[in-house]
Amino acid sequence: MGFARTCSVALVGVEGVVVEVQADLEPGVAAFTLVGLPDKSLTESKDRVRAALVNSGAAWPQKKLTVGLSPASVPKSGSGFDLAIACAVLGACERIDPRVLADIVMIGELGLDGRVRPVRGVLPAVLAAANSGYEQVVVPECAAAEASLVPGVSVLGVRSLRQLIAVLTDEPVPEEDPDEQGRPDPLLAGLRMPGTGEATGLCGMAVPEHDQGHDLADVVGQLSARTAMEVAAAGGHHVFLQGPPGAGKTMLAERMPSLLPRLNRQESLEVTAIHSVAGLLPPGKPMVDIPPYCAPHHSATMQSLVGGGKGLARPGAVSLSHRGVLFLDEAPEFSGFVLDALRQPLEAGHVVIARSAGVVRFPAKFLMVLAANPCPCGRFSVANDICECPPSSVRRYQARLSGPLIDRIDLRVEVEPVTLSELTAVGALGESTRTVADRVRAARERSAARLAGTHWHTNSEVPGRELRSRWQALPGAMAEAERGLERGVLTARGLDRVLRVAWTVADLSGHDRPDAGDVALALQLRTGVPRGVPMMIGSPS
């Protein structure tokens, strides 16, 4: 009787569970049994592994073979267990010393010819292995750069099962024939999910810093909206832009990622892990270090926005925009159930999805930008009467965004139509993305210094009780906001959010504590009611 074991990783959401892959050979009728709660794609690995072993020059055992995946209570899916199963079988046959395999984690799919194909979720899988104390990991060659992002782990990238057998048995490593120049590598197909290619717009969700193709200087006029976007980027606040078609709402939202600072290493690992599981990592760029941008269509389902799907849930748009920007254009056209499902991630910074196959938790700390027309025809305004929608239709349209959802939006701005004089003015361009991004970065540094020693990084994350006790505004600065709470203009949550925005305005203005002018601007951005302060950061009151 032969027995061998090695390890692989099962992904539950974006978290990994180390799985021990055991192979046992017994005398009897030749059969291959796979146990341990595998799904359909994993059950099919029996045929892939058998063909890969034979085509790699190894003999298939003509005995009763049982492969167990432990712990058996954890659902296991995908083809990433192929490499571990093949090596466990070779260990049970004594083609490989079983003692060599015991402390190695193997991740990869096998082709019928023995080539090792990449799979999604390599980074979170290697992170799980490192957290469990494993120091050696074997991954497909084209995913080695992604796996190497995890410190303290020795990564071996292999292109074929033949190469891995040679390494583990101290034999000469065979050279694989290189791919023809100019032809796409078929092995890279495993890095993407179907429906995430160029035609979908999802493959390039991150934008380069200070993207010249989306410069803030291209936005004509819109001083209030530009100020709101700057405050949102500096403090991580959510924004609601309401205005007629063609006023520049989408242009402003597309330029928001370039205003945000680059991700630090921990944030990059979080974002990269999510995109790796979702199959959105571009080949040749193993780490996402710039804020992602996700703009789903208004016909998006609950599962595509929040996460879900058959079996164990997959990340949705709120998780794909983690540490970045989620833009919902034509927000009233989204389903009310879909929009209200955003309440939990907006408050908690994560989303928990329960399915029959298990419960998964996805990070979802994003900056949300909502854009909406004021009415179905888009021309409703208090300044003119060209709107043809009846008042009841306007009320129904605006009521599609529920009060509890709007209450969680820190900044609400009316985007005015662009006039001919603004559009044709010569030399009247606004500030560039680089200029505003530099102020945002300086404001973030001020808030980070103030919040040092806590687990909060931006003003939008600080609880209201901490703001009222540890980081208070100047005496009397909150008087007007407190009167708004007494009159019912603001809720208790709204008062806390006004104070958070006031701190962000103070950081942008270089103030040590928010003064009455900072709070007035925060109130103006929150309610849309003029407070007699200019819509410009750092301007004199």
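Residues numbered from 1 in each chain as written. Predicted model: local features only at pLDDT ≥ 70, side-chain atom pairs only at ≥ 80, totals over all residues. Heavy atoms only, no water.

**Quick notes on the layout of surface pockets**
So, step 1. Quantified by volume, the largest pocket comes out at close to 890 Å³.
So, step 2. Together, 36 residues line the largest pocket, and R323, K365, T458, S460 and E461 are the ones closest to its centre.
So, step 3. Listed by contribution, the elements that provide at least two residues to the lining of the largest pocket are α15 (343–348), α19 (433–450) and α22 (492–509).
So, step 4. Among the elements that make up the lining of the largest pocket, the one with the highest residue count is α15 (four residues).
So, step 5. When grouped by side-chain class, the residues that make up the lining of the largest pocket number 15 nonpolar, 11 polar and 10 charged.
So, step 6. If you add up the space inside the second largest pocket, you get close to 750 Å³.
So, step 7. In terms of lining, the second largest pocket is formed by 35 residues, of which the most central are S77, G78, S79, R120 and R314.
So, step 8. Looking at the lining of the second largest pocket, the elements that each hand over two or more residues are β1 (2–12), α5 (122–131) and β13 (314–315).
So, step 9. Looking at the lining of the second largest pocket, the element that brings in the most residues is β1, giving four residues. (1 Å grid on protein atoms, 1.4 Å probe; cavity = no way out; pocket = protein on both sides within 12 Å on 5 of 7 lines; lining within 4 Å. Points joined across faces, edges and corners; volume = space filled by probe spheres on them. Helix = DSSP H or I, 4+ residues; strand = E, 2+ residues; numbered from the N terminus. Nonpolar A, V, L, I, M, F, W, Y, C, P; charged D, E, K, R; others polar.)

**Points about unusual backbone geometry**
So, step 1. Between S70 and P71 the backbone carries a cis peptide bond, its omega angle lying at 10 degrees.
So, step 2. With respect to the helices, strands and loops of the structure, P71 is situated in the loop between β4 (64–70) and α3 (82–92).
So, step 3. The phi angle at D170 is positive, at roughly 60 degrees, despite the residue not being glycine.
So, step 4. Among the structural elements, D170 can be located in the loop between α7 (161–168) and α8 (223–235).

**Structural notes on the confidence of the model for the protein**
So, step 1. Looking at the protein, the pLDDT average stands at 86 and 90% of residues meet or exceed 70.
So, step 2. Put simply, helix α18 (residues 420–424) is where the protein has its lowest mean pLDDT, 73, and strand β5 (residues 104–106) is where it has its highest, 97.
So, step 3. Note that pLDDT drops below 50 for residues 194–204; the model gives that stretch 13 contacts with residues more than four away or on any other chain.
So, step 4. Contacts from residues 206–210, a stretch scored under 50 in pLDDT, to residues over four places away or in other chains number 17 contacts. (pLDDT = per-residue confidence, 0-100. Contact = heavy atoms within 4.5 Å.)

**A word on the pattern of salt bridges**
So, step 1. Applying the stated criterion across every chain yields a total of 28 salt bridges.
So, step 2. The salt bridge involving R323 is made with E270; its shortest N-O contact spans 3.2 Å. One end of the pair, R323, is in the loop between α13 (317–320) and β14 (325–328); the other, E270, is in helix α11 (residues 265–278), and 53 residues separate them in sequence.
So, step 3. We note a salt bridge from D407 to R493, for which the minimum N-O separation is 2.8 Å. Linking D407 in helix α17 (residues 403–407) with R493 in helix α22, this pair joins segments that are 86 residues apart in sequence.
So, step 4. With a relative accessible area of 12%, D407 lands in the buried category.
So, step 5. If you follow the salt bridges from partner to partner, you end up with E347, D407, R408, D410, R493, R497 and R526 in one network. (Salt bridge = Lys/Arg side-chain N within 4 Å of Asp/Glu carboxyl O. Buried < 20%, exposed > 50% of the residue type's maximum accessible area, 1.4 Å probe, protein only.)

**Structural notes on the packing of α22 against helix α23 (residues 516–527)**
So, step 1. Running from amino to carboxyl end, α22 crosses α23 at an angle of 125 degrees, the nearest separation of the two axes being 8 Å. By the criterion of interaxial angle, the relationship of α22 to α23 is oblique. In terms of crossing hand, the pair formed by α22 and α23 is right-handed. On α23, the residues touching G494, R497, V498, V501, A502, V505, A506 and S509 of α22 are D518, V519, L521, A522, L523, L525 and R526. (Axes fitted to C-alpha atoms, helices over the stretch in contact; angles between N-to-C directions. Parallel < 35°, antiparallel > 145°, perpendicular 65-115°, else oblique. Left-handed = near helix turned anticlockwise from the far one by under 90°.)

**So, the nonpolar core**
So, step 1. Counting 56 residues, the largest nonpolar core has L241 and L525 as the members making the most contacts within it.
So, step 2. Among the elements that take part in this core, α22 stands out by supplying eight residues, more than any other.
So, step 3. One finds A88, V89, I96 and L101 within the second-largest nonpolar core, a separate group that totals 39 residues. (Core = buried A, V, L, I, M, F, W, Y, C linked by side-chain atoms within 4.5 Å.)

**Examining the pairing of strand β2 (residues 15–26)**
Look at any regular strand and the pattern is simple: side chains alternate between the two faces of the sheet.
So, step 1. Pairing of β1 with β2 involves 11 bridges; the strand directions are antiparallel. Directly across from V9, in β2, lies its bridge partner V18.
So, step 2. Linking β1 back to β2 in an antiparallel pair, the connection comprises two residues, with G13 at a positive phi of about 75 degrees.
So, step 3. Note: β2 against β4, seven bridges, orientation antiparallel. (Pairing = 2+ DSSP bridges.)

**With respect to helix α16 (residues 391–398)**
So, step 1. By the burial criterion, the buried members of α16 are S393, V394 and Y397. The buried residues of α16 occupy an angular sector of 100 degrees when the element is viewed end-on, so they sit on one face. Opposite the buried face of α16, by more than 90 degrees, sit the exposed residues P391, R395 and R396. (Arc of directions from axis to C-beta.)

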